[in-house]
Each structure stands twice: as structure tokens, then as C-alpha cells.
Amino acid sequence: MLEDLNIYLFNLINHTLHNGPLDILMPIITKLANTEVLFLLVIISIIAGIIIKNENIRHIGILCLVGLILAMGVTFLLKHGIHEPRPYITLSDVNLLVKADDPYYSFPSGHSTRIFVIITILIFNIKSLFKNNTKLISLILGIIGVIILISRVYVGDHYPFDVIGGAILGTIIGLITNYYLKEYILNISDKILNYFKLIK
């Protein structure tokens, strides 16, 4: 029953919503959660935090960096442990609009896991970056995350349950990073940066 629902939802997004403008837009949106894009943004934020001497930006960037590394490790283990094939391998007539990073394994979605790690950490640290409109900014971040989830199904690379699982996993990793590892991560990173005289 769950498998039938997964396929039904996939066909709904990948076929029923299929149209020209979205065929152009969704492959662009889905790339926002590419590993290299997120790592580049996080590294830039850390460097910016160091240069402008903003501890909050630096710390959030470092937390996001560690969260991304954890996400990559966990998704790799789960993908190669579960061995779920991607939709275009098991289903016929899939509108595949991107080339898959890993042509074989689908669950959980790495893009979904990564983006929700970032979103979770940002949302729970939003007040250290912005004084006003934090709820609105958090809502916008959540909407961006959902759109990226939909894009992964729209481009034919994942089933809906893959992206939902990835979002849940990313949220959990983000929470663990922010609440249970935060003090340890920031203490270690500050000591390293201080050793190289990058911060005072």
C-alpha cells in the first residue's frame, strides 16, 4: 500500500505537474542543494564571519559545515545499506531532467538531507543573525526546503518517500548538531582558528 502511494505521488509530481516552464526551473532549483553549492556557501560564510569579525556568522557556518559532513556520511551508509533503486530504473516513462549523482541508490535523498540540515541549523540560530522578522525568515527557509524536495521528485531522481525521509533525517542531524554537538564543535573550531591567529 505504501509502495503504491509512493509511486502514485511520484507520477502526480513527475507527470501530472509536468510543463515547459517547470522543466526549465526545477533542474535549476534542485541544484541549490548540490554538495558543492552548499559547501561553497558555508565556506564563504565562515570566511566572511572571520573577516568581518562576526562570531555568530562564523559559528553558524561552522555548525552547517559539520552538519553537512555528518549528512553525507549518514546518507552514504543508508543508501548503500538499503539499496533502493532510483525511479527511472524501476519505472518506465520517467521524465528524467537531470543526471543522477549516484545512478543506483535512492533512499534517502542526499539533496533533501543536506538542505534540511542547513535549514534546521539556520532556523534555530536565526535570532543571532536577525533581530526582526525571524518567523517570516524561518517560514521562507521552510518553503525553500519544500520546493527543493518537490524538485527532486519533479526531475525524476527520487520518489516522494525518499525526499520526505531525507528531510526528516536532515532535521534530526541538524538538531543533533545544534543541540548536542554545538558546544564541542565551536570550542574546537575556535581553538583551531585562534591557534592560526585567525580570531582573537
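Refer to the structure presented above.
As a starting point, this report considers the structure included with it. (Residues numbered from 1 in each chain as written. Predicted model: local features only at pLDDT ≥ 70, side-chain atom pairs only at ≥ 80, totals over all residues. Heavy atoms only, no water.)

Another aspect to go through is the overall build of the protein chain. Tallying secondary structure elements over the protein chain gives 9 helices and 0 strands in all. Counting helices and strands in the order they occur from the N terminus, the protein chain gives α-α-α-α-α-α-α-α-α. Relative to the 2.2 N^0.38 estimate, which gives 16 Å for 200 residues, the radius of gyration of the protein chain is 18 Å and therefore close to what a compact globule would have. Each of the three principal axes of the protein chain carries a C-alpha extent, and together these read 60 × 35 × 25 Å. Among the 200 residues that make up the protein chain, the fraction classed as buried is 44%. For the protein chain, the proportion of contacts with a sequence separation of at least 24, taken over those separated by at least 6, is 77%. (Helix = DSSP H or I, 4+ residues; strand = E, 2+ residues; numbered from the N terminus. Rg over C-alpha atoms; globule rule 2.2 N^0.38 Å. Buried < 20%, exposed > 50% of the residue type's maximum accessible area, 1.4 Å probe, protein only. Contact = heavy atoms within 4.5 Å.)

Glancing now at the side chain of His59. By the secondary structure assignment, His59 is in helix H4 (residues 55-82). Relative accessible area serves as the criterion here: at 13%, His59 is assigned to the buried category. Within the structure, the side chain of His59 is placed 3.1 Å from the side chain of Asp190, a separation counted as a polar contact. Not counting the four nearest positions on each side in its chain, His59 is found in contact with Leu186 and Asp190. (Polar contact = N/O pair within 3.5 Å; in protein donor to acceptor, adjacent residues only side chain to side chain.)

Take the packing of aromatic side chains next. Within a pair of aromatic rings, the relevant descriptors are the distance that separates the centres and the angle that separates the planes. The full count for this structure, using the stated rule, is 3 aromatic pairs. Ring centres of Phe124 and Tyr179 lie 5.5 Å apart, and the angle between their planes is 80°; this geometry places the pair in the edge-to-face category. With Phe124 in the loop between helix H6 (110-123) and helix H7 (134-154) and Tyr179 in helix H8 (residues 160-180), the pair connects residues that are 55 residues apart, well separated along the chain. With relative accessibility at 43%, the residue Phe124 sits in the partly exposed group. (Phe/Tyr/Trp six-rings, centres within 6.5 Å; stacked < 30°, edge-to-face > 60°.)

We now examine the side chain of Thr177. Among the secondary structure elements, Thr177 is positioned in helix H8. Reaching out from Thr177, the side chain makes a polar contact with the backbone oxygen of Ile173 at a distance of 2.7 Å. Residues contacting Thr177, with those up to four places away along its chain left out, are Leu63, Gly67, Leu70, Ile121, Lys182 and Ile185.

Right, let's get into the packing of helix H3 (residues 35-51) against H6. Between H3 and H6, whose axes approach to 10 Å, the crossing angle comes to 20°. Classified by the angle between their axes, H3 and H6 sit roughly parallel to one another. Between H3 and H6 the crossing geometry is left-handed. Taken together, the residues of H6 that come into contact with H3 (itself represented by Thr35, Leu38 and Val42) are Arg114, Ile115 and Ile118. The class makeup of the residues in the contact of H3 with H6 is 4 nonpolar, 1 polar and 1 charged. (Axes fitted to C-alpha atoms, helices over the stretch in contact; angles between N-to-C directions. Parallel < 35°, antiparallel > 145°, perpendicular 65-115°, else oblique. Left-handed = near helix turned anticlockwise from the far one by under 90°. Nonpolar A, V, L, I, M, F, W, Y, C, P; charged D, E, K, R; others polar.)

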